[in-house]
Amino acid sequence: MACRSCSSSLGRLPRRPVPSLRQQQPFVESTPRSVVSASTSSPARPPPPPSCARGLHTTPAARHLQQQQQQQRRPKASSGDPAAAATKEEGAGGLAQRLASKFASAVRRPGDESIKSAVVGSYASYKATERLAAACARQADYSISAADRKAETVPTAADGEEIGVSGGGVWHKDFDLPPTFSTWAQVSMLHMYLLVVRMRCVDDRDVHARWQSQLVDHFFAAAEERMVVAHAMASGGVRQRFLRDLFVQWRGLLLAYDEGLVRGDAVLASAVWRNLYKARADVDVRALAAVVSWIRACLVRFERMDDVELLAGGERVFAEVPAGAELATVDRLATGPSAAAVPESAAGAAVKK
């Protein structure tokens, strides 16, 4: 029996208070298994854990309904059910296998319309853009001698940039560009720009944005790796500063080359002179005109590709339209007393602007 003050306090409580978890624990452990089975009208089963003890205060009908709902949420498939076996196999890696086979089919048969959905997917486009970025990075490849690095005798340019050993590309040999990081970055970004121009023609803007973003991400990952491996740039803060500057150059390059494509070859030659040749006063205008001619030729070839072919094998355009061959094209089209008369006038007008 409680006192009057305690009785008044107890009268304010609910009629059926829920005991605390500590109070429920002894009740659950002490409840016989037969009592639980009889109240739920189900086969004998072990008592519920302490977290489920609150369910013992519900009615038998409610508990029976909860048990049926739980069984419906987690159906048990029999071992002889073929549909259940297929579902289990799907969860064990069938989706990854299908994605891999679709991408492999896209690479083998770039003209098949039935696999377009696989090509524009995130997984397939990631690997494809990685391959395209690697093709762009190979065009002006170079290396730094390990012996020179160890002896600290790596040659440098007038501005202090390290000069490496050329990998044999035409950009170092025929276009008189030094085998440096800046040359590698500018030549790679020029090839990437040509791919981006073609990607803009994709009807789906989300697909175009994804392709371009992945292509740029692959390039900057390769740039940071080259900073570490080739130039021994161990400081992460220094690398991030250089990468930010490189990204600013990439954004300016897009605008400069776009303006050149719209306004004409003279403006395009000026953009190439500023970005690729660092506005050098001793630039060979014949090489400058050849680069402009090569840009136009690549864009024409990319225009003939459909979207699937671009992603599956767009890098072969750089082999089909070699940049060095455009030097002969410039010499053949030039008129006047010297072979460089026409390119010089175009480049001179671009420089004045």
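For clarity, every value in this text was computed on a predicted model and none was experimentally measured.

Examining the overall build of the protein
Counting its secondary structure elements, the protein contains 18 helices and two strands. Considering the protein as a whole, with its 353 residues, one finds that 37% of them fall into the buried category. A separation of at least 24 residues holds for 62% of the contacts in the protein among residues at least 6 apart in sequence. When the accessible surface of the protein is totalled, it reaches about 20,800 Å², and 56% of it is carbon and sulfur.

Concerning the environment of F247
Its place among the elements puts F247 in helix α12 (residues 236-263). Through-space distance from the C-alpha of F247 to that of V216 is 9.4 Å; in sequence the pair is 31 residues apart.

Focus: helix α7 (residues 122-137)
With 16 residues, α7 ought to run about 22 Å at 1.5 Å a step, and its terminal C-alpha atoms sit 22 Å apart, in line with that. For α7, the complete set of buried residues consists of A124, S125, A128, T129, L132, A133, A135, C136 and A137.

Some remarks on the pattern of salt bridges
Counting across every chain of the model gives 17 salt bridges. R263 is the salt-bridge partner of E259, the closest N and O atoms lying 2.7 Å from each other. Residue E259 and its partner R263 are located together in helix α12, separated by four residues, close to a single helical turn. Using a relative accessible area of 33% as the deciding quantity, one classes E259 as partly exposed. R296 is paired through a salt bridge with D265; the nearest N and O atoms lie 3.0 Å apart. Taken as a pair, R296 in helix α14 (residues 285-303) and D265 in helix α13 (residues 265-275) lie far apart in primary sequence, 31 residues in all. Of the residues examined, R296 reaches a relative accessible area of 28% and is grouped as partly exposed. Within the structure, one salt-bridge network assembled from shared partners comprises R301, E309, R316 and E320.

Points about α13
Across the 11 residues that make up α13, a large majority, eight, are buried. Buried residues of α13: V267, L268, A269, S270, A271, V272, W273 and N275, and no others.

Comments concerning the packing of aromatic side chains
Counted under the stated rule, the structure contains eight aromatic pairs. With centroids separated by 4.9 Å and ring planes inclined at 25 degrees, the aromatic side chains of W171 and F175 adopt a geometry described as stacked. The class of F175 is buried, set by a relative accessible area of 1%. Members of the aromatic cluster, joined through ring pairs, are F181, W184, F219, F220 and F247. Positioned over the ring face of W184 is R226, at 4.5 Å from the centre of the ring.

Looking at the nonpolar core
Within the largest apolar cluster, 70 residues are counted, with the highest numbers of intra-cluster contacts made by W171, F175, Y277 and W294. Ranked by residues supplied to this core, first place goes to helix α10 (residues 181-199) with 13 residues. Among all residues touching Y277, those that are not within four sequence positions of it are F175, L177, V272, V283, A287, L288 and V291.

What to know about the side chain of Q214
In this structure, Q214 sits in helix α11 (residues 205-229). Polar side-chain contacts of Q214 include one of 3.5 Å to the side chain of T129.

Digging into unusual backbone geometry
Positive phi, close to 60 degrees, is recorded for E152, a residue that is not glycine. If you trace the backbone, E152 turns up in the loop between α8 (146-151) and β2 (165-166). The class of E152 is exposed, set by a relative accessible area of 71%. Notably, K278 is not glycine yet its phi reads approximately 55 degrees, a positive angle. Tracing the backbone shows K278 in the loop between α13 and α14.

Considerations on the packing of α7 against α11
Viewed as axis vectors pointing N to C, α7 and α11 meet at an angle of 45 degrees, and their least axial separation amounts to 8 Å. Here α7 is positioned oblique relative to α11, judged by the angle of their axes. Like other packed secondary-structure pairs, α7 and α11 cross with a definite hand, here right-handed. Side by side, α7 and α11 meet where S122, S125, Y126, T129, E130, L132 and A133 of the first sit next to R210, W211, Q214, L215, H218 and F219 of the second. Here the residues of the contact of α7 with α11 are counted per class, giving six nonpolar, five polar and two charged.

Here's the deal with the packing of α10 against α14
Where α10 contacts α14, the two axes come as close as 10 Å, and the packing angle between them is 35 degrees. Considering only the axes of α10 and α14, their crossing is right-handed. Residue-level inspection shows L190, H191, L194, L195, V197 and R198 of α10 in contact with α14, the latter providing V291, W294, I295, C298, L299 and F302. Within the contact of α10 with α14, the residues separate by chemical class into 10 nonpolar, one polar and one charged.

Description of the confidence of the model for the protein
In the predicted model, the protein carries a mean pLDDT of 76, and 61% of its residues have values of at least 70. The lowest-confidence element of the protein is helix α3 (residues 33-40), averaging 40 in pLDDT; the highest-confidence one is α10, averaging 97. This stretch, residues 337-353, has a pLDDT under 50; its non-local contacts, to residues over four places away or in other chains, come to 21 contacts.

Procedures and definitions
- The numbering scheme is per chain: residues are counted from 1 as the chain's sequence reads.
- In keeping with the model being predicted, local features are shown solely for residues with a pLDDT of at least 70 and side-chain atom pairs are shown and tallied solely at 80 or more, while totals for entire chains, interfaces and linings include all residues.
- The side-chain quantities take in all heavy atoms of the structure and omit both hydrogens and water.
- Runs of H or I in DSSP of at least four residues are treated as helices and runs of E of at least two as strands, each being numbered from the N terminus.
- Only protein chains enter the accessibility calculation, which uses a 1.4 Å probe; a residue whose area is less than 20% of its type maximum is buried, one above 50% is exposed, and one in between is partly exposed.
- Note on definitions: a residue-residue contact is assigned when non-hydrogen atoms from the two residues lie within 4.5 Å.
- Areas reported as accessible are Shrake-Rupley estimates using a 1.4 Å probe. Residue values count occlusion only from the protein chains shown.
- In this scheme, a helix's expected span is set at 1.5 Å multiplied by one less than its residue total.
- In what follows, salt bridge is the name for a side-chain nitrogen of Lys or Arg lying within 4 Å of a carboxyl oxygen of Asp or Glu.
- In this analysis, rings of Phe, Tyr and Trp, with Trp reduced to its six-membered ring, are considered paired at centre separations within 6.5 Å, and the interplanar angle assigns stacked below 30 degrees, edge-to-face beyond 60, and tilted for intermediate values.
- Charge over a ring is defined by NZ of Lys or CZ of Arg lying within 6 Å of the ring centre and within 35 degrees of the ring normal.
- The criterion is simple. A nonpolar core is a set of buried Ala, Val, Leu, Ile, Met, Phe, Trp, Tyr and Cys residues joined through side-chain atoms within 4.5 Å.
- We define a polar contact as two N or O atoms separated by no more than 3.5 Å, with the added condition that, inside protein, one atom must be a possible hydrogen donor and the other a possible acceptor, whereas residues neighbouring each other in sequence contribute only through side-chain atom pairs.
- Structural elements are reduced to axes, namely lines fitted to C-alpha atoms, with helices fitted over the stretch in contact, and the angle between N-to-C directions of any two is expressed from 0 to 180 degrees.
- Roughly parallel refers to an angle under 35 degrees, roughly antiparallel to one over 145, roughly perpendicular to one between 65 and 115, and oblique to any angle outside these ranges.
- Each crossing gets its handedness from the near helix: less than a right angle anticlockwise from the far helix is left-handed, clockwise is right-handed.
- Nonpolar residues are Ala, Val, Leu, Ile, Met, Phe, Trp, Tyr, Cys and Pro. Charged residues are Asp, Glu, Lys and Arg, and all others, Gly as well, are polar.
- As a per-residue measure, pLDDT tells how confident the predictor is, with possible values from 0 to 100.

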